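The primary structure of each chain is shown beneath.
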Amino acid sequence: MYYFISSLSFIDLRRSTVITPKMLVNFVTEKNIISYPECMTQLYFFLIFAIAECHMLAAMAYDHYIAICSPLLYDVIVSPEARFYLIFGIYTISLVCASDHTGCIFRVHFCKFDVINHYFFDLPSLLNFSCSSTYVNELLVLIFSAFTILAPSLTILGSYVFIVASILRILRIHSTEGRSKAFSMCSSQILAVTIFYGSAAFRYLQLSSVSSMDQGKVSSVFYNIIVPMLNPRSTA
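A quick note: this is a predicted structure, and the numbers were derived from the prediction, not measured.

Draft legend 1. Spotlight on the overall build of the chain. A tally of helices and strands in the chain yields eight helices and zero strands. Beginning at the N terminus, the succession of helices and strands in the chain can be written as α-α-α-α-α-α-α-α. For the chain, with 236 residues in total, the buried portion stands at 45%. Within the chain, residue pairs in contact and separated by at least 24 positions form 78% of the contacts whose partners lie at least 6 positions apart. Surface exposure of the chain reaches about 12500 Å², of which carbon and sulfur atoms provide 69%.

If you want it as structure tokens, here you go:
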């Protein structure tokens, strides 16, 4: 269990260092300038760690499900080899998705690429400045977002349904007070993943013509700043 917690902490730290240093520099400088290669580099590494966190939270939910519902088989199912291959698969998926997104961005022509009303570079904000067709990019965003956001969300939802049902069955809880104690065990984790996936879905599972830059900044604050602060509490 702590193996996944340390991996999630590493991802949160890396994702924060991709965005925060440049953002802090912009606060103290008069001209907030970033080169095109720096922009693409920030986008690439942000996508890697953001996608990795989506799947890592699902892996942690499955880990919690095994630990609570099948504690005697935990060491067999979640063996060191299984953990290694699971983490390896998560980073492989994130690298492939980030490479595809960044590669498709290079085919886009930015004829009005001047000032971006955002504190970091992500896909929707960049696509808004395109003067060429972004159909392929938006289609890729929707497909990968469904795989990266919806699939882990369903995995987490299913895991916690079985966890709560197992707690209620094992403890044979019938009182309102007992049920509230059982649900409080998972409430912080459910809150964190709801904020993370909800804000990410609001940002990426809609067309760029529908979303606004201000809405994107607000939603990105939730999955970039608030959720990393909740994760230590939710995994404790």
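Here the narrative resumes, following the displayed structure.
Draft legend 2. Up close: the environment of G103. Structurally, the position occupied by G103 is in helix α4 (residues 80-105). As a C-alpha pair, G103 and Y44 span 59 residues in sequence and 9.4 Å in three-dimensional space.

Draft legend 3. Just a nonpolar patch on the surface, in detail. A cluster of nonpolar side chains, contributed by Y62, L72, L73, V76 and I77, occupies part of the molecular surface with about 530 Å² of accessible area. Mapped onto the elements, V76 comes out in helix α3 (residues 74-77). Its relative accessible area of 63% is what places V76 among the exposed residues.

Draft legend 4. Structural view of the pattern of salt bridges. Under the counting rule described, the total for this entry stands at two salt bridges. A salt bridge links E53 to R15, with the nearest nitrogen and oxygen atoms 2.6 Å apart. With E53 in helix α2 (residues 36-69) and R15 in helix α1 (residues 2-28), the pair connects residues that are 38 residues apart, well separated along the chain. Its relative accessible area of 0% is what places E53 among the buried residues. On the basis of relative accessible area, R15 is assigned to the buried category, the value being 2%.

Draft legend 5. Highlighting the packing of aromatic side chains. Under the definition given, this model contains eight aromatic pairs. With a centroid separation of 5.8 Å and 55° between ring planes, the pair formed by Y65 and F162 is classed as tilted. Remark: F162 occurs in helix α6 (residues 135-171) and Y65 occurs in helix α2; sequence separation between them is 97 residues. According to the relative accessible area criterion, Y65 is partly exposed, its value standing at 25%. The class of F162 is exposed, set by a relative accessible area of 52%. With a centroid separation of 6.2 Å and an interplanar angle of 20°, the aromatic rings of F84 and F88 are classed as stacked. Of this pair, F84 and F88 both sit in helix α4, separated by four residues, roughly a single helical turn. With relative accessibility at 46%, the residue F84 sits in the partly exposed group.

Draft legend 6. Broad picture of the nonpolar core. Ranked by size, the top nonpolar core spans 56 residues in total, and within it F46, M56, L126, I156 and Y197 carry the most contacts. Breaking this core down by element, the ones donating at least two residues are α1, α2, α4, α5 (123-127), α6, α7 (176-204) and α8 (213-234). Residue contributions to this core peak at 18 residues, all from α2. Not counting residues up to four positions away in its chain, the partners in contact with Y197 are E53, C54, H55, L57, A58, T148, I149, P152, S153 and I156.

Draft legend 7. The packing of α2 against α4, seen in detail. Running from amino to carboxyl end, α2 crosses α4 at an angle of 145°, the nearest separation of the two axes being 8 Å. The element α2 and its partner α4 pack so that their crossing is right-handed. For the contact of α2 with α4, the per-class residue count stands at 19 nonpolar, five polar and no charged.

Reading the values: the criteria
- Residues numbered from 1 in each chain as written.
- Predicted model: local features only at pLDDT ≥ 70, side-chain atom pairs only at ≥ 80, totals over all residues.
- Heavy atoms only, no water.
- Helix = DSSP H or I, 4+ residues; strand = E, 2+ residues; numbered from the N terminus.
- Buried < 20%, exposed > 50% of the residue type's maximum accessible area, 1.4 Å probe, protein only.
- Contact = heavy atoms within 4.5 Å.
- Areas by Shrake-Rupley, 256 points an atom, 1.4 Å probe, with all protein chains shown as cover.
- Patch = residues over 30% accessible without salt bridge, like charges linked within 9 Å, V, L, I, M, F, W, Y side chains within 5 Å.
- Salt bridge = Lys/Arg side-chain N within 4 Å of Asp/Glu carboxyl O.
- Phe/Tyr/Trp six-rings, centres within 6.5 Å; stacked < 30°, edge-to-face > 60°.
- Core = buried A, V, L, I, M, F, W, Y, C linked by side-chain atoms within 4.5 Å.
- Axes fitted to C-alpha atoms, helices over the stretch in contact; angles between N-to-C directions.
- Left-handed = near helix turned anticlockwise from the far one by under 90°.
- Nonpolar A, V, L, I, M, F, W, Y, C, P; charged D, E, K, R; others polar.

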